[in-house]
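Survey of secondary and tertiary structure
Here is what each chain is made of, one letter per residue.
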Amino acid sequence: MTLLCPNCQRELEPSATDNHGGYCSHCHSNFHSVAYCPQCEQPLEVLQACGAVDYFCNHCNELKSKRQVIYRLEETH
Ligand SMILES: [Zn+2]
Ligand SMILES: [Zn+2]
């Protein structure tokens, strides 16, 4: 998966620790992905159990499939 910097649209260098994050060598910024609900666009709660990751929407009050989840890059401070 190629991630593009939200600031300058350049390709991010993949992060070693975060599968959905990266570093922009142009802006010198780190980014990580935040999961959002595909229905209501609220941030999802990430539930980690036994190596599996589930996404739960507190607004819809139900689990969301990983394939439906919307990832948005946000700067890490
Ligand atoms: Zn950038
Ligand atoms: Zn929702």
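Here, the structure is the one placed above.
These figures come from a predicted structure and were not determined experimentally.

Now for the packing of aromatic side chains. Considering all chains together, one arrives at one aromatic pair under this definition. Taking 6.3 Å as the distance between ring centres and 80° as the angle between the ring planes, the aromatic pair formed by Y55 and Y71 counts as edge-to-face. Of the two residues, Y55 is situated in strand β5 (residues 52–57) and Y71 in strand β7 (residues 70–76); the sequence distance between them amounts to 16 residues. On the basis of relative accessibility, which here comes to 8%, the residue Y55 falls in the buried class. Y71 gets classed as partly exposed once you look at its relative accessible area, which sits at 30%. The cationic tip of R72 hangs over the ring face of Y36; the distance from NZ or CZ to the ring centre is 4.5 Å.

Where burial is concerned, most of strand β3 (residues 29–36) is hidden: six out of the eight residues are buried. In terms of strand pairing, strand β2 (residues 21–24) meets β3 through four bridges, oriented antiparallel. Bridge pairing links C24 to S29 in β3. Count of turn residues in the β2/β3 antiparallel hairpin: four residues, of which H28 carries a positive phi of about 55°.

Definitions and limits used
Residues numbered from 1 in each chain as written. Chains lettered and ligands numbered in written order. Predicted model: local features only at pLDDT ≥ 70, side-chain atom pairs only at ≥ 80, totals over all residues. Heavy atoms only, no water. Phe/Tyr/Trp six-rings, centres within 6.5 Å; stacked < 30°, edge-to-face > 60°. Helix = DSSP H or I, 4+ residues; strand = E, 2+ residues; numbered from the N terminus. Buried < 20%, exposed > 50% of the residue type's maximum accessible area, 1.4 Å probe, protein only. Lys NZ or Arg CZ within 6 Å of the ring centre and 35° of its normal. Pairing = 2+ DSSP bridges.

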